[in-house]
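Chains, contacts and geometry: an overview
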Amino acid sequence: MPDLAIRTQALRKTYRTRRGKRVVAVQGLDLEVPIGGVHGFLGPNGSGKTTSIRMLLGLVRADAGTMTVFDQVVPDRLQDVVGRIGAIVESPKFFPTFSGRKNLELLADAIGAPRTRVGEVLAETSLNERGKDKFKSYSLGMKQRLAIAATLLKQPDLLIFDEPTNGLDPAGIREIRETMRSLGEQGRTVLVSSHILAEVEQVADTVSIIGHGRLLASGTVAEVIGGSGKSTVKVAIGEHAAHQERAASILTAAGMTVRAEGNYLFVDGAEHSAEVTRRLAQQELYVSELIPVRADLESVFLELTADEGLGGEQ
């Protein structure tokens, strides 16, 4: 049994623009997705997430590098594992005037899945009570859950979702998040690409962060957050603006990064929070509040991708 659901090594893909300029979408990507659970595939728009997924699915040919899915080299051996993969890369097409159940029954017939699976996947995606309703009456979140139900018809071991919460309202995002968490808890592997960090942090077991088509960080969410090296403390010196400005100057001169927000200073770069207190006390400035600020996935993501462009997705 392989340890990884997906592995890429030195994966590279370039495109030519209409003007003949060569653009590197993915450059030397080393990606490892463990079997079981939810893996967040994170990066700014244009960082190469969709291109990487398309190469894994055989929709785009790589220029260089290797890819394996469940230890099978793809795209050469894709046919050996395609039955174990379910993916949503683009908006799926359903008949708007047919019910959700009818749409799934037609799809099940087309792919050779038993119709008994239709009721099961509707239940798995919490759509069983709305299965008889027409697709056009569904909310965006329900339409996305029906798309997930469609991928589950053949009982895949690996599910790949590219930006599944795009355009959804908070209720729809919560529904998709709960569905992904449930699938991961069942032992399936869920690869979800996204730039909505707060949502991924709530559902992912492991993450990979990429920028300009290369890997920047990977591991469990706790490892990635803990390995950022970022330590922030929230400091109050009192409400006197002159004291706050003087404190900011002292800490900046000590090599720390300081930003003011209201009556607080947010200080990065202190080896220990006590160092902030000591530096200020030496100058007869005394801290009234000092609160360590826990790093989260979004802050680490922004730190790692600070130099990345925000162009269209590649």
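On a predicted model such as this, the values are computed, not experimentally measured, just so you know.

Conventions we followed
Residues numbered from 1 in each chain as written. Predicted model: local features only at pLDDT ≥ 70, side-chain atom pairs only at ≥ 80, totals over all residues. Heavy atoms only, no water. 1 Å grid on protein atoms, 1.4 Å probe; cavity = no way out; pocket = protein on both sides within 12 Å on 5 of 7 lines; lining within 4 Å. Points joined across faces, edges and corners; volume = space filled by probe spheres on them. Helix = DSSP H or I, 4+ residues; strand = E, 2+ residues; numbered from the N terminus. Salt bridge = Lys/Arg side-chain N within 4 Å of Asp/Glu carboxyl O. Buried < 20%, exposed > 50% of the residue type's maximum accessible area, 1.4 Å probe, protein only. Pairing = 2+ DSSP bridges. Core = buried A, V, L, I, M, F, W, Y, C linked by side-chain atoms within 4.5 Å. Expected span 1.5 Å × (residues − 1). Arc of directions from axis to C-beta. Contact = heavy atoms within 4.5 Å.

Re empty space enclosed by the protein
With the rule as written, the count across this model stands at one cavity of 30 Å³ or more. Of the pockets and cavities examined, the largest cavity occupies roughly 60 Å³. For the lining of the largest cavity, the secondary-structure elements that each account for two or more residues are α6 (170–185), β8 (189–194) and α7 (197–203). Ranked by the residues each element gives to the lining of the largest cavity, the list is headed by α7, at three residues.

A few points about the pattern of salt bridges
Using the criterion set out here, one finds 14 salt bridges in the structure. Taking the shortest distance from any N to any O, the salt bridge between Arg77 and Asp80 comes out at 2.5 Å. For Arg77, a relative accessible area of 42% translates into the label partly exposed. A salt bridge links Arg130 to Asp133, with the nearest nitrogen and oxygen atoms 2.2 Å apart. Residue class for Asp133 comes out partly exposed when judged on its relative accessible area of 27%.

Some words on the sheet that holds strand β5 (residues 72–73)
Remark on secondary structure: sheet strands pair via backbone hydrogen bonds, oriented parallel or antiparallel. One open sheet holds the four strands; their spatial order is β2-β1-β4-β5, and the pairing between them is antiparallel. Of all the strands in the sheet, just β2 (22–34) and β5 have a single pairing partner and so form its edges. Where strand β4 (residues 64–69) meets β5, two bridges bridge the pair, whose relative direction is antiparallel. The residue of β5 that forms the bridge with Val69 is Gln72.

A few points about the nonpolar core
One finds Leu42, Leu104, Leu146, Phe161, Val207 and Leu297 to be the most contacted residues of the largest nonpolar core, which totals 43 residues. The leading source of residues in this core is helix α5 (residues 140–152), at seven residues.

Considerations on helix α9 (residues 241–253)
Its 13 residues place the ends of α9 18 Å apart at the C-alpha level, agreeing with the 18 Å of an ideal helix rising 1.5 Å per residue. Buried residues of α9: Gln244, Ala247, Ala248, Ile250 and Leu251, and no others. End-on, the buried residues of α9 take up no more than an arc of 165 degrees, which puts them together on one face. Facing away from the buried surface of α9 by more than 90 degrees, the exposed residues are Glu245 and Ala253. Where α9 is buried, its residues contact β12 (257–261), β13 (264–268) and α10 (273–281). Phi for Gly255, located one or two positions after α9, is positive at around 90 degrees.

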